[in-house]
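# Examining the three-dimensional arrangement
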Amino acid sequence: MKIAIAQINPIIGDLSGNAQKILEMSQQAASENVRLLLTPELSICGYPPRDLLVNPSFVEAMDKTLHKLAKDLPANLAVLVGTVVKNSQAHITGEKNLFNSIALLENGKIQQFFHKRLLPNYDVFDEKRYFEPGLQANYFKLDDFNIGVTICEDLWNDEEFWGKRSYAVNPIADLGNLGVDLIVNLSASPYTVGKQHLREAMLKHSAVNFQQPIIYTNQVGGDDDLIFDGRSFALNKQGEIVCRAKGFISDFLTVEFNSNKQDLELGHVSPVYEYEDEEIWNALVLGVKDYVEKCRFSKVLLGLSGGVDSALVAAIATAALGKENVIGVLMPSPYSSEHSISDALALAASLDIQTQILPIGELMQSFDKSLYELFAGTEFGIAEENLQSRIRGNLLMAISNKFGYLLLSTGNKSEVAVGYCTLYGDMNGGLSVIADVPKTRVYSLCKWLNSHQQKEVIPENILTKAPSAELKPGQVDQDSLPPYEILDDILDRLIHQHQSAAEIITAGHEPAIVDRVLQLLSRAEFKRRQAAPGLKITDRAFGTGWRMPIASSWSALRNIGV
Ligand SMILES: NC(=O)c1ccc[n+]([C@@H]2O[C@H](COP(=O)([O-])OP(=O)(O)OC[C@H]3O[C@@H](n4cnc5c(N)ncnc54)[C@H](O)[C@@H]3O)[C@@H](O)[C@H]2O)c1
Ligand SMILES: Nc1ncnc2c1ncn2[C@@H]1O[C@H](COP(=O)(O)O)[C@@H](O)[C@H]1O
Ligand SMILES: N[C@@H](CCC(=O)O)C(=O)O
Ligand SMILES: O=P(O)(O)OP(=O)(O)O
């Protein structure tokens, strides 16, 4: 029996467009004699639909679209489509309105529904807000085969693999006990660095442990802050990868279930990325492309300072949207160095993007004049420094408004973590492209890009000079922050490894620096809450999965031993 994976890139809420994508892959499947086609979790509406699900008319429209799709599908093809189903018991107190389900479509009809049993509710996942868990093992008979159906998180509870049990039920063990021939998993699993390795290792363990071939179908595409990497794959009973779809792009691939061997045959296996930098680059390019296109923009703009952050964002945007759709705006102030202008121009020439030069000296003088009396007798300080950033932010938003271009924010994760950025200034923008990329990774991505393209896409001078906001003469970032290698290590331990200050100090960091970073991290929460959505590439980004209080003094507690 031939089975196909439809690794589609749905647009959230575009029900007819998503159905059309499924239909097109169904027609391709039918032309290749496929018997069963798999699509991702919630493929009819795209994942995550969030509070669109609270609207009954949205749910009704999904139902109508699904019935129409069932009628349009080619004959002799069964298709599994992700949808929601109303919970008929929902009138009972405490029960929710919906199930996160899979519909089996065949012979012009919806034949059966399967409900997701394990509902993720951590990090960016919030499924208990909408869904009630399914209570039964899910499987169906297709020709002579029993096919077990699981939905994303249903397979993330392999107790032996994790060394702990996260949920009381284990859908894969239930299906193993029922003796199904094959398990399919329909997922919408967001990208984080190294996640594919984890998925494959986890499902390899499950395949071997339960002696079940598994076909894993993932969504692809950018959805606000989330990037879905695709890379759907299948494993035979020995846990060997027998096929893998491409990463960060829609794909269609088939795999043969051999009824004699009761196992999957070897098919097409797309390669994995060799370098993390390459993988992250591809993720960010897709994240920008899909955010811009799905929000119906065509062009973007950004401030080009001659620094490394804006250089990387410009390069990502150019790869995502094409050089004719990226506009770099240079806004030198009296404090800008000569090289900041020449470096920005060299970068623009290397990417072959358009530039505009808008000097801000006169605007700064005009602001100073207006504030002269009010500020008389005070020292030049943060207020004056930030004016430059805010003048630039205003000019960029004026261009955005006038021409309908989306402004890209350029702050990296290290800066966003410690609040080294100006509200309503360089934090302006609709999408924060590298907000989850620490500064040390910004450099490694640029270096990877140059070596991958075998030319200086990012001019060498941008990579070797000291990072500087140039908000006053001779200023460099390291006047106010620890060296980025140290800052990033401390932040990684705090944010990703959940280490206490005491553990970080034991690891060799200076107590005063650790204290300061803790305070800066906590104090900058108000800024992050007002920031543009940032593309998520790590397991802990400052986005929908980060829910910190603003009015809090927790970080000050190190000295009493917590
Ligand atoms: N703009 C740039 O390009 C850039 C680059 C690198 C570093 N920096 C650095 O970033 C810093 C920016 O200065 P900043 O952070 O003082 O200016 P800011 O204006 O970004 O933030 C301070 C302002 O935020 C508000 N605020 C403070 N606490 C708040 C809270 N809990 N809730 C809500 N609002 C609150 C207040 O209005 C306060 O004046 C400076 O250290 C600057 O050197 C800026
Ligand atoms: N001189 C500048 N021209 C254009 N855009 C600029 C300039 N200086 C800063 N910017 C923008 O602001 C962010 C943050 O700057 P830092 O150097 O990190 O302070 C930068 O990426 C540009 O987009
Ligand atoms: N743990 C899964 C959950 C996804 C889901 O159920 O949507 C993941 O991160 O991919
Ligand atoms: O934000 P940029 O581009 O100015 O980078 P840097 O902060 O390294 O100068």
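The rules behind each value
- Residues numbered from 1 in each chain as written.
- Chains lettered and ligands numbered in written order.
- Predicted model: local features only at pLDDT ≥ 70, side-chain atom pairs only at ≥ 80, totals over all residues.
- Heavy atoms only, no water.
- UniProt positions renumbered as here; feature names shortened; annotations may be inferred.
- Pairing = 2+ DSSP bridges.
- Helix = DSSP H or I, 4+ residues; strand = E, 2+ residues; numbered from the N terminus.
- Contact = heavy atoms within 4.5 Å.
- Axes fitted to C-alpha atoms, helices over the stretch in contact; angles between N-to-C directions.
- Near = heavy atom within 4 Å.
- Polar contact = N/O pair within 3.5 Å; in protein donor to acceptor, adjacent residues only side chain to side chain.
- Areas by Shrake-Rupley, 256 points an atom, 1.4 Å probe, with all protein chains shown as cover.
- Nonpolar A, V, L, I, M, F, W, Y, C, P; charged D, E, K, R; others polar.
- 1 Å grid on protein atoms, 1.4 Å probe; cavity = no way out; pocket = protein on both sides within 12 Å on 5 of 7 lines; lining within 4 Å.
- Points joined across faces, edges and corners; volume = space filled by probe spheres on them.
- Parallel < 35°, antiparallel > 145°, perpendicular 65-115°, else oblique.
- Buried < 20%, exposed > 50% of the residue type's maximum accessible area, 1.4 Å probe, protein only.

The protein chain has the name Glutamine-dependent NAD(+) synthetase in an unreviewed UniProt entry, where Dolichospermum compactum NIES-806 is given as its organism. Among the UniProt annotations of the protein chain, the heading Catalytic activity (unreviewed entry) holds the following wording: "deamido-NAD(+) + L-glutamine + ATP + H2O = L-glutamate + AMP + diphosphate + NAD(+) + H(+)". We quote the UniProt Function (unreviewed entry) comment for the protein chain here in full: "Catalyzes the ATP-dependent amidation of deamido-NAD to form NAD. Uses L-glutamine as a nitrogen source."

## Overview of the sheet that holds strand β16 (residues 300-303)
Backbone hydrogen bonds are what pair the strands of a sheet, in a parallel or an antiparallel way. Strand order in the open sheet made by the 5 strands is β18-β17-β16-β19-β20, with parallel pairing throughout. Only two strands of the sheet have a single partner each, and these edge strands are β18 (354-357) and β20 (431-432). Running over the sheet, helix α10 (residues 382-403) touches β16, β17 (326-330) and β19 (406-409) and is turned about 170° from β16.

## Quick notes on the sheet that holds strand β8 (residues 182-187)
Spatial ordering of the open sheet is given by β6-β7-β8-β9-β12-β13, a layout of 6 strands whose pairing is mixed. In this open sheet, the two strands that pair with only one neighbour each are β6 (139-142) and β13 (241-244). Within the sheet, the average angular offset between the axes of one strand and its neighbour, ignoring direction, is 20°. Relative to β13, strand β12 (residues 233-235) is paired through 3 bridges, and the arrangement is antiparallel. Residue pairing across strands places Leu235 opposite Ile241, the latter belonging to β13. Packed onto the sheet, helix α4 (residues 171-178) meets β6, β7 (145-151), β8 and β9 (214-218) and runs at close to 175° relative to β7. Lying over the sheet, helix α5 (residues 195-210) contacts β9, β12 and β13, oriented at roughly 30° with respect to β12.

## So, the site of ligand 1
Near ligand 1 lie 15 residues; those nearest to it are Arg390, Thr422, Leu423, Asp426 and Lys527. Taking Cys421, its main chain carries an N or O atom lying 3.2 Å from an oxygen atom of ligand 1. Leu423 has a polar backbone atom sitting 2.9 Å from an oxygen atom of ligand 1. Compared with its free state, where it exposes 860 Å², ligand 1 has 60% of that area covered by protein. At the level of elements, α10 and α17 (525-529) are the ones that each hand at least two residues to the shell around ligand 1. Looking at the shell around ligand 1, the element that brings in the most residues is α10, giving 5 residues. A class-by-class count of the residues in the shell around ligand 1 yields 7 nonpolar, 4 polar and 4 charged.

## Brief notes about the side chain of Glu384
By secondary structure assignment, the location of Glu384 is in helix α10. In this structure Glu384 touches Phe375, Thr378 and Glu379, once residues within four positions along its chain are discounted.

## A word on empty space enclosed by the protein
Using the criterion set out here, one finds 1 cavity of 30 Å³ or more in the structure. In this model, the largest cavity occupies a volume close to 160 Å³. In terms of lining residues, the largest cavity is bounded by 14 residues, among which Val416, Met427, Ser432, Ala435 and Ala531 are the most central. Of the residues that constitute the lining of the largest cavity, the class distribution is 7 nonpolar, 5 polar and 2 charged.

## Quick notes on the environment of Leu182
The residue Leu182 is located in strand β8 in this model. Residues Leu182 and Thr217, 35 residues apart in the sequence, show an inter-C-alpha distance of 14 Å. Ignoring sequence-local partners within four residues, the contact set of Leu182 consists of Ile3, Asn146, Ile147, Gly148, Gln212, Pro213, Ile215, Phe257 and Leu264.

## Considerations on the packing of helix α6 (residues 276-294) against helix α12 (residues 439-453)
Relative to each other, α6 and α12 sit at 95°, their axes nearing to 9 Å. Taken together, α6 and α12 sit at an angle that is classed as roughly perpendicular. Listed contacts from α12 to Glu276, Asp277, Glu278, Ile280, Trp281 and Leu284 of α6 are Arg441, Ser444, Leu445, Trp448, Leu449 and His452. Grouping the amino acids of the contact of α6 with α12 by side-chain chemistry returns 6 nonpolar, 2 polar and 4 charged.

## Regarding unusual backbone geometry
Omega for the bond connecting Tyr47 with Pro48 falls within 30 degrees of zero, at 0°, which places this linkage in the cis form. Not every positive phi belongs to a glycine, and Asn33 is a case in point at roughly 60°. Note that Asn33 resides in the loop between α1 (15-31) and β2 (36-38). One non-glycine residue, Asp352, adopts positive backbone phi at about 60°. As for its position among the elements, Asp352 is in the loop between α8 (338-351) and β18. Classification of Asp352 as partly exposed rests on a relative accessible area of 45%.

## Looking at the UniProt feature "binding site: L-glutamine" (unreviewed entry) in the protein chain
The UniProt entry lists Tyr122, Ser189 and Lys195 under the feature "binding site: L-glutamine" (unreviewed entry), expressed in the numbering used here. We classify Ser189 as buried; its relative accessible area is 2%. Non-local contacts of Ser189, meaning those with residues more than four positions away in its chain, are made with Cys152, Trp156, Lys195, Arg199, Tyr216, Asn218, Phe228 and Asp229. Within polar-contact distance, the side chain of Ser189 engages the side chain of Lys195 at 3.4 Å. Since its relative accessible area comes to 13%, Lys195 is described here as buried. Ignoring sequence-local partners within four residues, the contact set of Lys195 consists of Trp156, Ser189 and Pro190.

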